[in-house]
Amino acid sequence: MNKNLLARHIVWPFLLLGVLSQPLSARCDDNTETVTATKRDSVDHDGNHEFRVRELVLAASLITVGAIGVCNPYFKRLNLEVKDGMDDFRGNHYLRIDDYAQYLPITAYLGLEFIGVKARHSFKERVAAGTISYLCMAILTNSTKHIVKEPRPDSGRRNSFPSGHTATAFTGAELIRTEYGMAAGVAAYTFATGIAFLRLYNGRHWLNDVIAGAGIGILSARVGYWMLPIYRQWFKWNRPKSKGAIAMLPGYDFENHSVSVNFACSF
């Protein structure tokens, strides 16, 4: 493949995904006050995470772009071009490390504190936030696969949209950014984008699958942290009481194949 075709089919889609998936919400400032680094990460001085609508923008945008690719003929043409480019680029040299590497971000999220990186929350709080984040991600990913039934590019199995590997990696990346700050977050997001690349490189997913997977991962991680004030009240954890909290918890009815979003409030 010549350099022009390489840039057209492979490089620019991942430059786009890398830019879209960077944690931009962490750099949004309030118009009426000076925002500290802690505030930019949506954590107040007591360690409570507040729900903010603006934090939905990045995840919602990625999910929307990915969903458009399911039915839009122009995006489907782009999907085919990227697939053909990856097929030419890869040949018969597959890299299956993405099946295992997808879990490295969550491992780092739980363990970085033990190698000297300062964490913002206790280990039990990280376990709680991580658990609900991955539960949310699994429900959203698997229920959407069941509803959409998009054929995979390699096997034709109708469970392509969205990419579960990508969602897993991006959930961990956003958890790391929230817990350890922007520098660690950029590294984690770069790694997660690499997992998305491998899903296309190995012919397992379409481009829109990995874009939506990234959005679902980011959203799921935010849900995990939005729930922290609720966990503290439920389990009587020793944290200053918040003035109030609103959290979301997704649900899936396997008998009726329906998805729900439950809201929890504390005052």
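Everything in this summary refers to the structure shown in the same document.

**What about the overall build of the protein chain?**
When its secondary structure is counted, the protein chain shows 11 helices and 2 strands. For the protein chain, the sequential pattern of α-helices and β-strands runs α-α-α-α-α-α-α-α-α-α-α-β-β. For the protein chain, the residues scored as buried account for 51% of the 267 residues in total. In the protein chain, of all internal contacts separated by at least 6 residues, the share reaching a separation of at least 24 is 72%. Of the accessible surface of the protein chain, which amounts to about 13,200 Å², a share of 62% is contributed by carbon and sulfur atoms.

**Brief notes about the pattern of salt bridges**
Tallied over the full model, the rule gives 11 salt bridges. For aspartate 87, the salt bridge goes to arginine 90, with nearest N and O atoms at 3.0 Å. Here the residue aspartate 87 and the residue arginine 90 both occupy positions in helix H4 (residues 73-90), the gap between them amounting to 3 residues, near one helical turn. Notably, a salt bridge pairs arginine 177 with glutamate 174, separated by 2.8 Å at the nearest N-O pair. With arginine 177 and glutamate 174 both in helix H8 (residues 164-180) and 3 residues apart, the pair spans about one turn of that helix. Look at arginine 177 and you get buried, because its relative accessible area is 1%. Since its relative accessible area comes to 1%, glutamate 174 is described here as buried. Through salt bridges with shared partners, a single ionic network connects Glu55, Glu174, Arg177 and Arg222.

**A short note on helix H11 (residues 228-235)**
Taken residue by residue, H11 has Leu228, Pro229, Ile230, Tyr231 and Arg232 as its buried positions. One or two positions beyond H11, positive phi appears at lysine 236, with a value near 60°.

**A closer look at the packing of helix H3 (residues 55-71) against helix H10 (residues 207-226)**
Here H3 crosses H10 at 150°, and the two axes come no closer than 7 Å. Taken together, the axes of H3 and H10 are roughly antiparallel relative to one another. In this structure, H3 meets H10 at a crossing whose hand is left-handed. Residues Glu55, Leu56, Leu58, Ala59, Leu62, Ile63, Val65, Gly66, Gly69 and Val70 of H3 pack against Asn208, Ile211, Ala212, Ala214, Gly215, Ile216, Ile218, Leu219, Arg222 and Trp226 of H10. Taken together, the residues of the contact of H3 with H10 sort by class into 14 nonpolar, 4 polar and 2 charged.

**Remarks on the side chain of threonine 166**
Relative to the helices and strands, threonine 166 is located in helix H8. Of the residues examined, threonine 166 reaches a relative accessible area of 0% and is grouped as buried. If we ignore the near neighbours within four places in the chain, the residues touching threonine 166 are Ala196, Arg199, Val210, Gly213 and Ala214.

**Some remarks on unusual backbone geometry**
In this structure, the amide linkage connecting phenylalanine 161 to the following residue, proline 162, adopts the cis form with an omega of -5°. Locating proline 162 in the fold gives a position in the loop between helix H7 (123-148) and H8. The phi torsion at lysine 149 lies on the positive side, around 55°, for a residue other than glycine. In this fold, lysine 149 is placed in the loop between H7 and H8.

**A few points about the packing of H7 against H10**
Packing of H7 against H10 brings their axes to within 7 Å, and their N-to-C directions diverge by 140°. As judged from the angle between their axes, H7 and H10 are oblique. Of the two possible hands of crossing, H7 and H10 adopt the one that is right-handed. Along its contact with H7, which presents Ala129, Ile132, Ser133, Cys136, Met137, Leu140 and Thr141, the element H10 presents Ile216, Leu219, Ser220, Ala221, Val223, Gly224 and Tyr225. In terms of residue class, the contact of H7 with H10 is made up of 10 nonpolar, 4 polar and no charged.

**Examining empty space enclosed by the protein**
Counted according to the given criterion, the structure contains 1 cavity of 30 Å³ or more. Taken as a whole, the largest cavity holds about 40 Å³ of empty space. For the largest cavity, the full set of lining residues is Asn79, Val82, Lys83, Met86, Leu200, Gly203, His205, Trp206 and Leu207. For the lining of the largest cavity, the element with the most residues is H4, which contributes 4 residues. Tallied by class, the residues present in the lining of the largest cavity amount to 5 nonpolar, 3 polar and 1 charged.

**Looking at the side chain of asparagine 159**
As for its position among the elements, asparagine 159 is in the loop between H7 and H8. The contacts of asparagine 159, once residues within four sequence positions are left out, are Lys145, Glu150 and Arg152.

About the cut-offs
- Residues numbered from 1 in each chain as written.
- Predicted model: local features only at pLDDT ≥ 70, side-chain atom pairs only at ≥ 80, totals over all residues.
- Heavy atoms only, no water.
- Helix = DSSP H or I, 4+ residues; strand = E, 2+ residues; numbered from the N terminus.
- Buried < 20%, exposed > 50% of the residue type's maximum accessible area, 1.4 Å probe, protein only.
- Contact = heavy atoms within 4.5 Å.
- Areas by Shrake-Rupley, 256 points an atom, 1.4 Å probe, with all protein chains shown as cover.
- Salt bridge = Lys/Arg side-chain N within 4 Å of Asp/Glu carboxyl O.
- Axes fitted to C-alpha atoms, helices over the stretch in contact; angles between N-to-C directions.
- Parallel < 35°, antiparallel > 145°, perpendicular 65-115°, else oblique.
- Left-handed = near helix turned anticlockwise from the far one by under 90°.
- Nonpolar A, V, L, I, M, F, W, Y, C, P; charged D, E, K, R; others polar.
- 1 Å grid on protein atoms, 1.4 Å probe; cavity = no way out; pocket = protein on both sides within 12 Å on 5 of 7 lines; lining within 4 Å.
- Points joined across faces, edges and corners; volume = space filled by probe spheres on them.

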